[in-house]
Structures are given as structure tokens and as C-alpha cells.
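One-letter residues, chain by chain:
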Amino acid sequence: MKLSAFAYPAAAGAFFACAVAASAQNGAATILCDDTGFGCITMQPVADRYNEEHPDLPVKLESVSYQTIVESLPVQLESGEGPDGAIITDLGGLSRFYLDLTEYVDAAQFEKDYGQTLSWLRGSDPDGNAIFGMPTSLTINGAYVNKTLFEQAGVPLPEEGATWDDWAAATQKVAEATDTDFPMEMDRSGHRFASFAISQGAELVDDQGRPVVDDGLRNAIEKFKNWHETGVMPMDLWGAVGGATHRELFADFLNANVVFYFGGSWNLGKMDAEVGDLFDWEVAPAPCGPSSCTVMPGGGALVAFKHTEHPEAMGAFINYLSQPENLTEVIAASVEIPASRSVGDAGVEYPGASERTQEALATFSAQVPKMADAAFRFQGWRYQRAMMNSLTTRISQVLNDELTVDEALARIEADVNLAIDAAQGNQ
């Protein structure tokens, strides 16, 4: 099956340092990537061919955890160290570290292929012309639903247009009837929470690049707290971990311990590989709030960093990977949605994907036109990571009764403004 074109949007630290040092010694440009979706495993065959064809400009892929890329990589970059490049997801937040690749790639083709996603890499200058990387795949937040549990409980699946409250009520019935541990789970992630918050009317960021704390965000946090107090969601995911730590419990869905899991499209490959025929599942259309039926867009990008001593190798590899035949190969292997318009227009065959997974890809793709403007604005915000970290930290404190909702909102606004002022003061 092919997915045709759709509406594209215009101790880890120690391992990290050792891996980078080892590659620097062998003269290859080091690229960090994780092993999920569009990452080291799926890119390796293309990297091997590239190295055979470009022996004077070699690259080496180093596999690390996603948490290492989120937490350790920014610290390394701040100190002027780190790898030559990486697949990153904090597209705007790390923009000051990117190498301009314009002279190494087909800039006109990049503009045509990647459209608005290039602006997400340009940080404080989203209307600029620099090419700071190659967007890899388009990821979309979304809900995985255990259909088998619904069938066993005799509860009908909520249809498209169902609200978050509808899903909470339905999954509670299913969990009670089937003795399932929890009705709903959501990754401990500010990005995942942003989907829910924006659907409730939250803006998160204004046109001037400052945080917005409004009634939509208040309502989202209050509803989230209620779900944790009433057992709709487990406290040991958001409530038991402190600070801004990113945490996923996708294993709970794989093991049929939760009815509804809010994660994203990057989990599809894992679903195919690990669930198999153990139970029937599907991806649900975006749950609705009073403001919209939206989820967050996202995705990674392969970038080179300014401090690299191998700019030509990084540029050559990124340009090589961007060629449709190479990019399509990685997209098909990773079972993800291409960020490249030309690859999407041509359609991607997913020979290893089940029919169920291909249907899920189509459902994810269908959510793109429904995404709220606030979701695209938040995704391209340079200080998105500061907001997401604050959301995760302060919401957990609300769940543990360490802060009231009003206090949390005030702290979120102060946290992000402090991060903005500190960053601008260092420029």
C-alpha cells in the first residue's frame, strides 16, 4: 500500500562523551541518533553506502537513548563540545548551534520539499533563508486504543469528533468491565500535554514569542488533575517522577494494561513488531476539546553543529540522505510519515508493515489538516523546550498537591520568561 500526498504543514552523559570522542579519533563525522523510528538502525544501510561512495568524507552513526539527546546533548553544545551532528527534535530551541548547510545542499529543492518545517529550524529568524538541516519525518501525537478490550467490555468505540471527556468516560467503563489497570495514559511529556491543552483553548505562545497562560491552560491542568485523582490516569507516570524528566510507559499498552495510550506516530514500528496478533488495536482520530480537535505536529531533523571539524562530510551526507531513493528507504524502514513533500507525493510503500499499521498511518496523516494554528506556532517556537519542561515540572507538582493550579500557572509563566531573558541576555 502507498500513502499518497496529504496536507503537509507549510549514565547517558558518560556514554555520550565516550562515543563522540571515539569517533573523533577515527576521523569520521559523528552523528548521534536514537534507535526508534527514523534513527541509527534505519539509517545505517544508507550510511554504509554513503561511506563506500565517499571514503574521504566518512560519517559514523552513534546510537544513544532519546533521553540523552534531549537532556545531555544541549549541555554538551553549551560548552562548545559534542558530536558533529545529530537527529534532534527541539528544532527551534537548539537553532543557535546549527551550521548553515546552504552551500552543501540543493537549497531550492530543500525549500520546495520541506516548506514550513524549515522555519522550525530557524529559531529567532523563521523567515530567513538559511538551510540548517534536513527534516527527517513528520510525527503526529495521537491515541492508541485497545479495540479488543472495548469488544470484551461491550462498549462502543467513540467515533470521530468524540471529546476527551467522551474518551475518559468510555475507557473507564472498559477498564472496570475488563479489570484493566488504567483507562488512560499520556506520556510524561510537555509536547503530548500541549495537544490536550490546545484542544482546551490554550495558546501557549503569543505572536511576540512570549508564554501565554490563559483559561484554556487552566482548564486543561484542572481536568488533568481530576483524571489522576479519580484513577482515570496513573499517578506513577506523571506524579512519581520529579522535574522535567521525559517518561513513556508504552509498555503498558503493549501489555494490555491500559485501554487508551496517548503517544504518537513514532511508536507504530514498535506496535507492529511487539503486539502482532496479541490484541486488536487502532489509532483514534484526535480527541476534541471546546477549542479544536487538534494534536501536535512534530518530527526530527538531521542537523550539523557549528563546532564541527567536518562540515563537508556533514553537508555531503545530509545531501545524500535527502535524495528521494535514500530518504524513501529510511522512511519505509522506520514506518513513519515523510517530511519531504516530493517523497510524500510519490507515495511510500511500507512492505514490512501490517494492514493495521498502514491504516494507522492513514489516520495519523488525516489529522494534519485539523491541527490548530496554535499547535504549529508552538512547534516552531524557539523556547518551546522551556515551556514543555515547565509544564511537566509544574503539573507534576499540582498532582502531588505541592502547588495549586493558580500557583503552577504563575510559575510556568515565570519559568519561561526567565529562560527567554537569560537566553537573550547571552546573545
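Since the structure is predicted, the reported quantities are computational estimates derived from the model, not experimental observations.

Calculation rules
Residues numbered from 1 in each chain as written. Predicted model: local features only at pLDDT ≥ 70, side-chain atom pairs only at ≥ 80, totals over all residues. Heavy atoms only, no water. pLDDT = per-residue confidence, 0-100. Contact = heavy atoms within 4.5 Å. Domains from an automatic or database assignment. Buried area = accessible area lost by both parts, 1.4 Å probe. Salt bridge = Lys/Arg side-chain N within 4 Å of Asp/Glu carboxyl O. Polar contact = N/O pair within 3.5 Å; in protein donor to acceptor, adjacent residues only side chain to side chain. Helix = DSSP H or I, 4+ residues; strand = E, 2+ residues; numbered from the N terminus. Nonpolar A, V, L, I, M, F, W, Y, C, P; charged D, E, K, R; others polar. Disulfide = S-S within 2.5 Å. Buried < 20%, exposed > 50% of the residue type's maximum accessible area, 1.4 Å probe, protein only. 1 Å grid on protein atoms, 1.4 Å probe; cavity = no way out; pocket = protein on both sides within 12 Å on 5 of 7 lines; lining within 4 Å. Points joined across faces, edges and corners; volume = space filled by probe spheres on them. Core = buried A, V, L, I, M, F, W, Y, C linked by side-chain atoms within 4.5 Å. Phe/Tyr/Trp six-rings, centres within 6.5 Å; stacked < 30°, edge-to-face > 60°. Axes fitted to C-alpha atoms, helices over the stretch in contact; angles between N-to-C directions. Parallel < 35°, antiparallel > 145°, perpendicular 65-115°, else oblique. Left-handed = near helix turned anticlockwise from the far one by under 90°.

Looking at the confidence of the model for the protein
Per-residue confidence for the protein averages 90 on the pLDDT scale, and 93% of its residues sit at or above 70. Taken together, the stretch residues 1–25 has pLDDT below 50 and engages in 59 contacts with residues farther than four places along the chain or on a different chain.

Quick look at the domain arrangement of the protein
If you check the domain split of the protein, you get domain 1 (29–138 + 299–362) and domain 2 (139–296 + 373–425). Each partner contributes residues to the interface: domain 1 has 27 residues there, and domain 2 has 21 residues. When the buried area of domain 1 at its contact with domain 2 is split by residue, Asp-90, Trp-120 and Arg-356 rank highest and sum to 28% of it. For the pair domain 1 and domain 2, the interface holds two salt bridges. With its nearest N and O atoms 3.7 Å apart, the salt bridge here joins Arg-385 to Asp-90. Linking domain 1 with domain 2 are five residue pairs in polar contact (both at pLDDT 80 or more). Secondary-structure elements contributing two or more residues to the side of domain 1 that touches domain 2 are helix H3 (66–78), helix H5 (116–120), strand S5 (134–146) and helix H16 (355–366). Residues of the side of domain 1 that touches domain 2, tallied by class, amount to nine nonpolar, 13 polar and five charged.

Describing the state of the cysteines
Per the counting criterion, the structure on display carries two disulfides. With its sulfur 2.0 Å from that of its partner, Cys-33 forms a disulfide with Cys-40. Here the disulfide of Cys-33 and Cys-40 is right-handed, its torsion about the S-S bond being about 90°. You'll find Cys-33 and Cys-40 in the same group, each marked buried.

Let's talk about helix H13 (residues 311–321)
Note that an α-helix has 3.6 residues per turn; residues three or four places apart therefore point the same way. Counting buried positions over the eleven residues of H13 gives eight, a clear majority of the element. Three or more residues of H13 are buried, namely Ala-313, Met-314, Gly-315, Ala-316, Phe-317, Ile-318, Tyr-320 and Leu-321.

Observations regarding the layout of surface pockets
Space inside the second largest pocket adds up to approximately 440 Å³. Residue lining of the second largest pocket: 21 residues in total, with Gly-123, Pro-126, Gly-380, Trp-381 and Arg-382 positioned closest to the centre. At the level of elements, H5 and helix H19 (405–425) are the ones that each hand at least two residues to the lining of the second largest pocket. The residue makeup of the lining of the second largest pocket, split by class, is six nonpolar, nine polar and six charged. Each of domain 1 (29–138 + 299–362) and domain 2 (139–296 + 373–425) accounts for three or more of the residues forming the lining of the second largest pocket.

Section: the environment of Thr-68
Mapped onto the elements, Thr-68 comes out in helix H3. Separated by 75 residues in the primary sequence, Thr-68 and Ala-143 place their C-alpha atoms 25 Å from one another. A polar contact is formed between the side chain of Thr-68 and the side chain of Ser-65, at a distance of 2.8 Å.

Section: the nonpolar core
Burial of nonpolar side chains together is a common tendency in soluble globular proteins. Ile-88, Tyr-144, Phe-193 and Trp-281 are the most contacted members of the largest nonpolar core, which has 137 residues in total. Lining this core are residues from two domains, each supplying at least three of them: domain 1 (29–138 + 299–362) and domain 2 (139–296 + 373–425).

What about unusual backbone geometry?
At Leu-204, a position not held by glycine, the phi torsion is positive, near 70°. Here Leu-204 shows up in the loop between helix H8 (190–199) and helix H9 (215–229). Overall, Leu-204 belongs to the buried group, its relative accessible area being 0%. We note that Val-335 has phi near 55°; this positive angle belongs to a residue other than glycine. You can see Val-335 is positioned in the loop between helix H14 (324–334) and strand S10 (337–338).

Some remarks on the packing of aromatic side chains
Across all of its chains, the model carries 27 aromatic pairs by this definition. Look at Tyr-50 and Phe-317: their rings are 5.2 Å apart centre to centre, the planes differ by 75°, and that puts the pair in the edge-to-face class. With a gap of 267 residues between them, Tyr-50 in helix H2 (residues 40–53) and Phe-317 in helix H13 connect regions that are remote in the sequence. With respect to burial, Tyr-50 and Phe-317 carry one shared label: buried. With a centroid separation of 5.1 Å and an interplanar angle of 55°, the aromatic rings of Phe-250 and Tyr-261 are classed as tilted. Residue Phe-250 is found in helix H11 (residues 250–254), and its partner Tyr-261 is found in strand S7 (residues 258–264); the two are separated by eleven residues along the sequence. Residues Phe-250 and Tyr-261 agree in their burial class; the two are buried.

Remarks on the packing of H2 against H14
Where H2 meets H14, the closest approach of the two axes is 8 Å, and the angle between their N-to-C directions is 155°. In this view, H2 runs roughly antiparallel relative to H14, as classed from their interaxial angle. Between H2 and H14 lies a crossing whose hand is right-handed. Across the interface between the two elements, Thr-42, Met-43, Pro-45, Val-46 and Arg-49 of H2 pack against Asn-326, Glu-329, Val-330, Ala-333 and Ser-334 of H14. Classifying every residue of the contact of H2 with H14 gives five nonpolar, three polar and two charged.

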